[in-house]
Amino acid sequence: MEQVKIDSIFDKWAKLLVTIRREKNITQEELSYRSGVGQCHISYIETRKRNPTVGVMEALLNSMGHTICICEKEESHEN
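Sequence order as written defines residue numbering, which begins from 1 separately in each chain. Per-residue local features of the predicted model are confined to residues with pLDDT of at least 70, and side-chain atom pairs are confined, for both listing and counting, to 80 or more; whole-chain, interface and lining totals are unaffected and use all residues. Derived side-chain values reflect all non-hydrogen atoms in the structure, with water molecules and hydrogen atoms excluded from consideration.

All right, on to the pattern of salt bridges then. Definition used for salt bridges: Asp or Glu carboxyl oxygen within 4 Å of a side-chain nitrogen of Lys or Arg. The final tally for this structure, using the stated rule, is three salt bridges. With a shortest N-O distance of 2.7 Å, E46 and R21 are connected by a salt bridge. Of this pair, E46 sits in helix α3 (residues 39–46) while R21 sits in helix α1 (residues 3–23), placing them 25 residues apart in sequence. An identical accessibility class is assigned to E46 and R21; each is buried. The helix and strand labels rest on DSSP assignments: H or I over at least four residues marks a helix, E over at least two residues marks a strand, and numbering proceeds from the N terminus. Buried residues are those whose accessible area, probed at 1.4 Å on protein chains only, stays under 20% of the maximum for their type, while exposed residues exceed 50% and partly exposed ones sit between those limits.

All right, on to the packing of aromatic side chains then. Describing an aromatic ring pair means giving the distance of the ring centres and the angle of the ring planes. Put simply, two rings from Phe, Tyr or Trp (the six-membered ring, in Trp's case) pair if the centres are within 6.5 Å, and we call them stacked under 30 degrees between planes, edge-to-face over 60, tilted for the rest. Overall, the coordinates contain one aromatic pair when judged by the stated rule. Ring centres 5.8 Å apart and planes at 85° place the aromatic pair F10 and W13 in the edge-to-face group. Of this pair, F10 and W13 both sit in helix α1, three residues apart, which is roughly one turn of the helix. For F10, a relative accessible area of 15% translates into the label buried.

What follows deals with helix α2 (residues 28–35). Burial in α2 covers these residues: Q28, L31, S32 and S35. Angularly, the buried residues of α2 cover 105° about the axis, an arc narrow enough to put them on a single face. Exposed side chains of α2 directed beyond 90 degrees from the buried face belong to E29 and Y33. With its phi angle positive at about 85°, G36 sits one or two positions after the end of α2. The directions from the helix axis to the C-beta atoms are what the arc is built from.

Turning our eyes to something else, we now look at unusual backbone geometry. Phi is positive for N25, close to 55°, though the residue is something other than glycine. Looking at the element boundaries, N25 is found in the loop between α1 and α2. Although it is not a glycine, R48 sits at a positive phi angle of roughly 65°. With respect to the helices and strands, R48 occurs in the loop between α3 and α4 (54–62). A relative accessible area of 27% places R48 in the partly exposed class.

Below, the structure is given as structure tokens:
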């Protein structure tokens, strides 16, 4: 996988994390307490200074009532 595609995934994860956290009115400090992930680490993920592992992202999302789902990509039916 190209670096550009990987960076795009982490950008989407960061935006998703911020969006869900704000929708639920959860501070980074509260999310840290709920998830066990350090507040500084959460800040670094949200500002794209660090890339989270799948495990960290799962802990963050689970603590806000969400989960990670890996789905099979649909095939393109081009003629």
